[in-house]
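Each chain is listed here by its residues.
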Amino acid sequence: MLKFTISYIEDSRTLFAYYKKLAERAMEQVSDEHLFTALDDEGNSIAIIVKHMAGNMRSRWTGFLTTDGEKPDRNRDSEFEGAYATRKEMIEAWEDGWARLLGTLQGLSEADLARTITIRGERHSVMQAINRQMAHYPHHVGQIVLLAKHFAHSNWQSLSVPRRQSGDFNRKVATGELSQR
C-alpha cells in the first residue's frame, strides 16, 4: 500500500523500492535457465536487463552530487552482451546497484532537489535526475515482469490484484480489511 507523504525524496525511495521488489518477485518465479533466455535474437534476457540496470545505477548513483552521472569507465554497449554466469552473480550486481540508488536517496535532503548535477555533460536539477531514473527503471522492470510471466506461464503468481479478483479487492478496501496508510 502507498504510504502518504509530502516528501519528494521519501516518495521516490518508496517507489524505487516498490519497483525493485516487483522485479524480484517476478524473477523468483523464473528458472535459472529462463533468466538467461531471450525471446529472439534482438531481445534481451532478464539477466541482460539486470546487467544494464546495474551498470546504469552504478554510473548514475556513484558520486551522484559530485561527478557526471555517466562515468568514463561505463561501457553501456557491453551491458547488452554476455550476461552473468549465475543467478547469484546477477543478484549481487542487482543488489549493488539498488544499494547505491537507495543509499544516495537516503543521504539527500529536500534542499538538495534544486542542486545542479550533470548526466552526459547535460545539466539536471537533482529532482530532474531522479525523475529521469524513475522513468527509466520501471520501464525495464516491466520488461522483466513480462518475460518472467511468459516463462512462468501457468505457474505465474500475480504480483498485484489477480485476474477476476478485483471485486474481492475492492470489497476488502471498502470494508477496511485492507487498510489505507
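The structure under discussion appears in the preceding block.
On a predicted model such as this, the values are computed, not experimentally measured, just so you know. (Residues numbered from 1 in each chain as written. Predicted model: local features only at pLDDT ≥ 70, side-chain atom pairs only at ≥ 80, totals over all residues. Heavy atoms only, no water.)

1. Things to note about the pattern of salt bridges
Under the counting rule described, the total for this entry stands at 11 salt bridges. In this structure, aspartate 32 and arginine 87 form a salt bridge, with 2.5 Å as the shortest nitrogen-oxygen distance. Residue aspartate 32 is located in helix H2 (residues 32-35), and its partner arginine 87 is located in helix H4 (residues 87-107); the two are separated by 55 residues in the primary sequence. In this structure arginine 87 comes out as partly exposed when scored by relative accessible area, which is 22%. Between arginine 74 and glutamate 79 there is a salt bridge whose closest N-O contact spans 2.7 Å. (Salt bridge = Lys/Arg side-chain N within 4 Å of Asp/Glu carboxyl O. Helix = DSSP H or I, 4+ residues; strand = E, 2+ residues; numbered from the N terminus. Buried < 20%, exposed > 50% of the residue type's maximum accessible area, 1.4 Å probe, protein only.)

2. Side note on the packing of helix H3 (residues 46-61) against helix H5 (residues 126-152)
Between H3 and H5, the shortest axis-to-axis distance is 10 Å and the interhelical angle comes to 165°. With respect to H5, the element H3 is oriented roughly antiparallel. For the crossing formed where H3 meets H5, the hand is left-handed. For the pair H3 and H5, the contacting residues are Ile46, Ile49, Val50, His52, Met53, Asn56, Met57, Arg60 and Trp61 in the first and Ile130, Arg132, Gln133, His136, Tyr137, His140, Val141, Gln143, Ile144, Leu147 and Ala148 in the second. Looking at the contact of H3 with H5 residue by residue, the class counts come to 12 nonpolar, 6 polar and 2 charged. (Axes fitted to C-alpha atoms, helices over the stretch in contact; angles between N-to-C directions. Parallel < 35°, antiparallel > 145°, perpendicular 65-115°, else oblique. Left-handed = near helix turned anticlockwise from the far one by under 90°. Contact = heavy atoms within 4.5 Å. Nonpolar A, V, L, I, M, F, W, Y, C, P; charged D, E, K, R; others polar.)

3. Describing the layout of surface pockets
Any empty space left between atoms is shown by rolling a water-sized probe over those atoms. By volume, the second largest pocket is sized at about 250 Å³. Looking at the second largest pocket, it is lined by 12 residues, and the ones nearest its centre are Lys149, Trp156, Ser158, Leu159 and Pro162. (1 Å grid on protein atoms, 1.4 Å probe; cavity = no way out; pocket = protein on both sides within 12 Å on 5 of 7 lines; lining within 4 Å. Points joined across faces, edges and corners; volume = space filled by probe spheres on them.)

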